[in-house]
Amino acid sequence: ICRFGLNETVRAEYESSSMVTCVAPSRGAGTVGVSVSNNGGADYSVGTVFFEYSVAGAVWSMTPTVGSVGGGTLVTFTGANLATEEGTLRCTFGSTSVAPMTLMNGHVVCAAPPSRVPEMVEVTLSEGTTASARGFNLVFEYVVDPVVSALMPWRGDLSGGTVVTVTGAGFLSDGLRCRLGTEVTSGGDAKWLSSTMVLCVTPASASEGVAVLEVSANGGTDFTSDGKEYLYEAGAKVLALIPTTGMAGSMTQVVTVLGRDFKESELLSCIFGDRGVRAQYSSSSMVLCVSPMRGGGSVTVSVSNSGGDSADDGQLFEYAVMSSIISMYPSAGPVTGGTTVRLWTVGAELDGHGVECIFGRTPVAGKIVDSRTVECVAPAGALRGTVGLGFVLDGTSEPVMSEVGFEYYDLPRVLQIWPSRGALSGGTVVSLRGSGFRADDVQCRIGGTFVSGSDVNMVSSTLISVATPMSGAAGTVAVEVSVNGGVDFTTDGREFVYSAPATVESLQPSHGLSGSKGQVVTVLGRGFEQTAELGCRFGDTTVVRGMYLSSTTLVCTAPARESGAVSVSVSSNGVEDDAGLALYEYMAAGSVWSVAPSAGPTSGGTELTLHVAGTLLEGALSGVKCLFGVTVASATVVNASAVTCKAPSSLKAGVVSLSLALDNAGVSLHGALAFEYFSMPSVLGVWPARGSVAGGSVVSVTGSGFREAGLRCRFGTEEVLGGAGAQFVSSTVVACVAPGSMSGVGTVAVEVSVNDGSDFTSDRVEFLYETSATVTSVWPSVGVSGTSDQVVTVVGEHFARSSDLICRFGLNGTVRAMFL
């Protein structure tokens, strides 16, 4: 027997030991496994194959999916049981319906109607007056017809393979096809570069002549009709070269190329290996070319009539090499000598020879490193300047000289470095002062680490700046300079100290008076070192000198500044800040410097606290007033630096200045403080109006006058702070996360504050805390996919009779529920 799925079995008709025939049972759409049993269903085959039940009359695919806005694209629909009586089936592209052109079982062909604009439309097949759709997510894109404007090259060999650059407009990457005559190319032979350029590789042609090249943007269903012509012709054939050799490194050698089928055109080229050059046409059997400059070796020379690749095997042309020095390193060294210079050569047979180097007129012994490299050591005693450099092999008399000489320079010196210490992490920018610095190949060596590139900057012949590398341990290292790529370094031994960073932990005192000089601050921390550059930085000022007391204590004098808080850090080298910082506050004596809250409703009554710098309020138990703009309010002294007062009412919303008046002293205390009056917000409604006693319900509170600054929500007596708990949406909506109910089930008022809880609304819009609904079962627990209006009975606890009662299927499928 055969089994379809888990339990559908049918009789099987034996054909052979490897084949049986079964009639598939009726089932709904979908894919099932098929297995075979030899013993009536007791055991089934191990390997399972799959069989798909398709929806009757369903469309599986549509091709092409792209066509011209002018219409006429033949679109083929493929599916199951698409055949029907002629005249009842319609193809609908967007809102336009057309009759099929071809109708057969499994296939329907329709001509796409025109569209006024490029667009993507839904496509369906429908039958009769019921217009039952047969397509599944079929979309057809109308595009502007592509246009072919030009071909380059426009001619090529019969053997094909010429890459033709096609320029135009409207080219698409998907569905790209090229057609030359009747031959259609695709895949790697048709490559999209942009909407205005594609590449087409020409197929072979059996005969010479013109073929029209067109482009398709929908897999070959529609092609352009611009008629741009491509010429197939017999490929050029190279039979001989005169001469057959030339000099390597030269680019003035004329080569006469003899052959056949050369064409007089602006694209005529000679190809030397992988390099093409323009050819001068003499006849169909002779062209002249100037060989391009190359290194030594043999290359194949062929001729292309189209300027592209040639299918001809060509003839060999040899570039002969003379003995020469092609490079040296370094090309400079100090007049003190000792620089090791390497010379790289071509054309010289070095193996088995001795060698002598020549610096100007001074011969020195050389060394053969390998078959191409000679090593020389520059002698001392030369004057500053450039001398010739070359070598002579044993048994030869003519030296091989470099076209570039060797430059002797005065030995540079490093006289001073600053700063002379920095962090282990590196990155300290150190200034090196000295003499003889040069911009060519400058490097620094800090300890055993070489620094070059963007980390070294030659400012002048006497100044270099360098960023120190990271060090694995604290200690002293030498800093030296090379001006010939790191071959020779100075030996002045100027030292740089790597040290662990000092850390600031606290200040005593941590505040002082603004505008005052000479205020001494004790800095407490760790890792302070007694150096000449040790100091403190207050804010963004330069470092002020510090007095070292111990590794944990440092004394600095605070510079005069305006009022405000600044960060204080310690610098061990007078340039960089070490780790850690502390805040130091410059306070203006007797100025008001903070208020909380800083906003309240126009109805007044907001209680706020003002803090002042200094102790001018000490003993002022009465006579202190708060000034809201020009409106006076009584104040209560809390201590020598704080008072409280209640904001008076205001006729309009807006910002007013805020200050204190001391009547008994005739003093007015001012600061950069203000108080903002706002219209009291109101709460009109909440949704949902009920939620779990466990909290967590996101409640949308609607009303007016909401503000983002200082936003809070209150459920009964429980406040929810701004941020994740109270989120501003607009001036009429805020989202509040209901807290858990401390008193269990019951109704609470939901209010809103926009000044950090100092003032709340009093609209008493209610929110009901209740026990969460619990689902224990559903019946039926199985339904039919794709079918609506299937009634499901849900059984559980704590359901509430309300207009908001809903059921959710899955993550987001919600429907209204009926309370029973």
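Values in this document were obtained by computation on a predicted structure and should not be read as measured data. (Residues numbered from 1 in each chain as written. Predicted model: local features only at pLDDT ≥ 70, side-chain atom pairs only at ≥ 80, totals over all residues. Heavy atoms only, no water.)

### Some words on unusual backbone geometry
Part 1: Cis geometry is adopted by the peptide bond preceding proline 243, which originates at isoleucine 242 and carries an omega value of -5°.
Part 2: Position of proline 243 among the secondary structure elements: in the loop between strand E25 (237–242) and strand E26 (245–247).
Part 3: Going from tryptophan 418 to proline 419, the amide bond is cis rather than trans, its omega being -5°.
Part 4: Structurally, the position occupied by proline 419 is in the loop between strand E43 (413–418) and strand E44 (421–423).
Part 5: The backbone of aspartate 756 shows a phi angle near 60°, a positive value even though the residue is not glycine.
Part 6: Among the structural elements, aspartate 756 can be located in the loop between strand E76 (746–753) and strand E77 (765–770). (Helix = DSSP H or I, 4+ residues; strand = E, 2+ residues; numbered from the N terminus.)

### Digging into the state of the cysteines
Part 1: Enumeration over the complete set of coordinates arrives at 8 disulfides.
Part 2: Two residues share a disulfide in this structure: cysteine 178 and cysteine 200, whose sulfurs sit 2.0 Å from each other. Taking the sign of the S-S torsion, about -65° here, the bridge from cysteine 178 to cysteine 200 comes out left-handed. Taken together, the residues cysteine 178 in strand E19 (residues 177–180) and cysteine 200 in strand E22 (residues 197–201) connect sequence positions 22 residues apart.
Part 3: At a sulfur-sulfur separation of 1.9 Å, the disulfide partner of cysteine 713 is cysteine 736. Residues cysteine 713 and cysteine 736 share a disulfide whose torsion about the S-S bond is about -45°; that sign makes it left-handed. Note that cysteine 713 is positioned in strand E72 (residues 712–715) and cysteine 736 in strand E75 (residues 733–737), a separation of 23 residues in sequence. (Disulfide = S-S within 2.5 Å.)

### Details of the pattern of salt bridges
Part 1: Taken as a whole and assessed by the stated rule, the structure comprises 14 salt bridges.
Part 2: A salt bridge links glutamate 505 to arginine 526; its shortest N-O distance comes to 2.8 Å. With a gap of 21 residues between them, glutamate 505 in strand E52 (residues 503–508) and arginine 526 in strand E54 (residues 519–526) connect regions that are remote in the sequence.
Part 3: Assessed through its relative accessible area of 47%, arginine 526 is described here as partly exposed.
Part 4: Arginine 561 is the partner of aspartate 540 in a salt bridge, and the nearest nitrogen-oxygen pair spans 3.5 Å. Of the two residues, aspartate 540 is situated in the loop between strand E55 (535–538) and strand E56 (544–550) and arginine 561 in the loop between strand E57 (553–558) and strand E58 (564–571); the sequence distance between them amounts to 21 residues. (Salt bridge = Lys/Arg side-chain N within 4 Å of Asp/Glu carboxyl O. Buried < 20%, exposed > 50% of the residue type's maximum accessible area, 1.4 Å probe, protein only.)

### Regarding the side chain of threonine 224
Part 1: Mapped onto the elements of the fold, threonine 224 is located in the loop between strand E23 (209–216) and strand E24 (228–233).
Part 2: The buried category is assigned to threonine 224, whose relative accessible area is 7%.
Part 3: Among the polar contacts made by the side chain of threonine 224, one reaches the side chain of glutamate 214 at a distance of 2.5 Å. (Polar contact = N/O pair within 3.5 Å; in protein donor to acceptor, adjacent residues only side chain to side chain.)

### Remarks on the packing of aromatic side chains
Part 1: If you walk through the whole model with that rule in mind, you get 14 aromatic pairs.
Part 2: Where phenylalanine 359 meets phenylalanine 406, the ring centres are 5.5 Å apart and the plane angle is 90°; that geometry is what we call edge-to-face. Placement of phenylalanine 359 in strand E36 (residues 355–359) and of phenylalanine 406 in strand E42 (residues 406–409) is noted, with a sequence separation of 47 residues between them. Here phenylalanine 359 and phenylalanine 406 have matching classes, each one buried.
Part 3: Here the aromatic rings of phenylalanine 450 and phenylalanine 489 are separated by 5.6 Å at their centres, their planes lie at 50°, and the arrangement is tilted. Of the two residues, phenylalanine 450 sits in strand E47 (residues 449–451) while phenylalanine 489 sits in the loop between strand E50 (475–482) and strand E51 (494–499), which places them 39 residues apart along the sequence.
Part 4: A network of ring pairs unites the aromatic residues Phe93, Phe140 and Tyr142 as a single cluster.
Part 5: Geometry around phenylalanine 760 places arginine 714 over its ring, the cationic atom sitting 4.2 Å from the centre. (Phe/Tyr/Trp six-rings, centres within 6.5 Å; stacked < 30°, edge-to-face > 60°. Lys NZ or Arg CZ within 6 Å of the ring centre and 35° of its normal.)

### With respect to the nonpolar core
Part 1: Core analysis: the largest hydrophobic core is formed by 22 residues, its most contacted members being Val699, Val701, Phe715, Val734, Val752 and Phe767.
Part 2: Listed by contribution, the elements that provide at least two residues to this core are strand E69 (682–687), strand E71 (698–704), E72, E75, E76 and E77.
Part 3: Those residues in contact with valine 734, other than ones at most four positions away along the chain, are Val699, Ser700, Val701, Phe706, Leu711, Gln727, Phe728, Val729 and Val752. (Core = buried A, V, L, I, M, F, W, Y, C linked by side-chain atoms within 4.5 Å. Contact = heavy atoms within 4.5 Å.)

### Things to note about the pairing of E19
Regular strands place their side chains on alternate faces of the sheet.
Part 1: Here E19 shows a clear split, with Cys178 and Leu180 buried on one side and none of Arg177 and Arg179 buried on the other.
Part 2: Sheet analysis places E19 next to E23, joined by 4 bridges and oriented antiparallel. By the bridge assignment, cysteine 178 is partnered in E23 with valine 215.
Part 3: In the sheet, E19 pairs with strand E20 (residues 183–185) via 3 bridges, with the strands oriented antiparallel. Opposite leucine 180, over in E20, you have glutamate 183 as the bridge partner. (Pairing = 2+ DSSP bridges.)

### Considerations on the sheet that holds strand E8 (residues 66–68)
Part 1: Taken in spatial order, the 5 strands line up as E8-E15-E14-E10-E11 in an open sheet, and their pairing is mixed. Two strands close off the open sheet at either side, each with one partner strand: E8 and strand E11 (96–98). Across the sheet, the mean angle separating the axes of adjacent strands is 30° when strand polarity is ignored.
Part 2: In the sheet, strand E10 (residues 89–93) pairs with E11 via 3 bridges, with the strands oriented antiparallel. Residue pairing in the sheet places phenylalanine 93 in a bridge with threonine 96 of E11. (Axes fitted to C-alpha atoms, helices over the stretch in contact; angles between N-to-C directions.)

### Topic: the pairing of E24
Part 1: Across 3 bridges, strand E17 (residues 155–157) lies against E24 in parallel orientation. Paired with arginine 155 across the bridge in E24 is leucine 231.

### Brief notes about the sheet that holds E76
Part 1: With mixed pairing, 5 strands are arranged side by side in an open sheet as E70-E77-E76-E72-E73. At either end of the open sheet lies a strand with only one pairing partner, and these are strand E70 (690–692) and strand E73 (718–720). Recorded for the sheet is a direction-independent mean angle of 30° between the axes of neighbouring strands.
Part 2: Taken together, the 5 bridges between E76 and E77 define a ladder with antiparallel strand orientation. The residue of E77 that forms the bridge with alanine 749 is glutamate 766.

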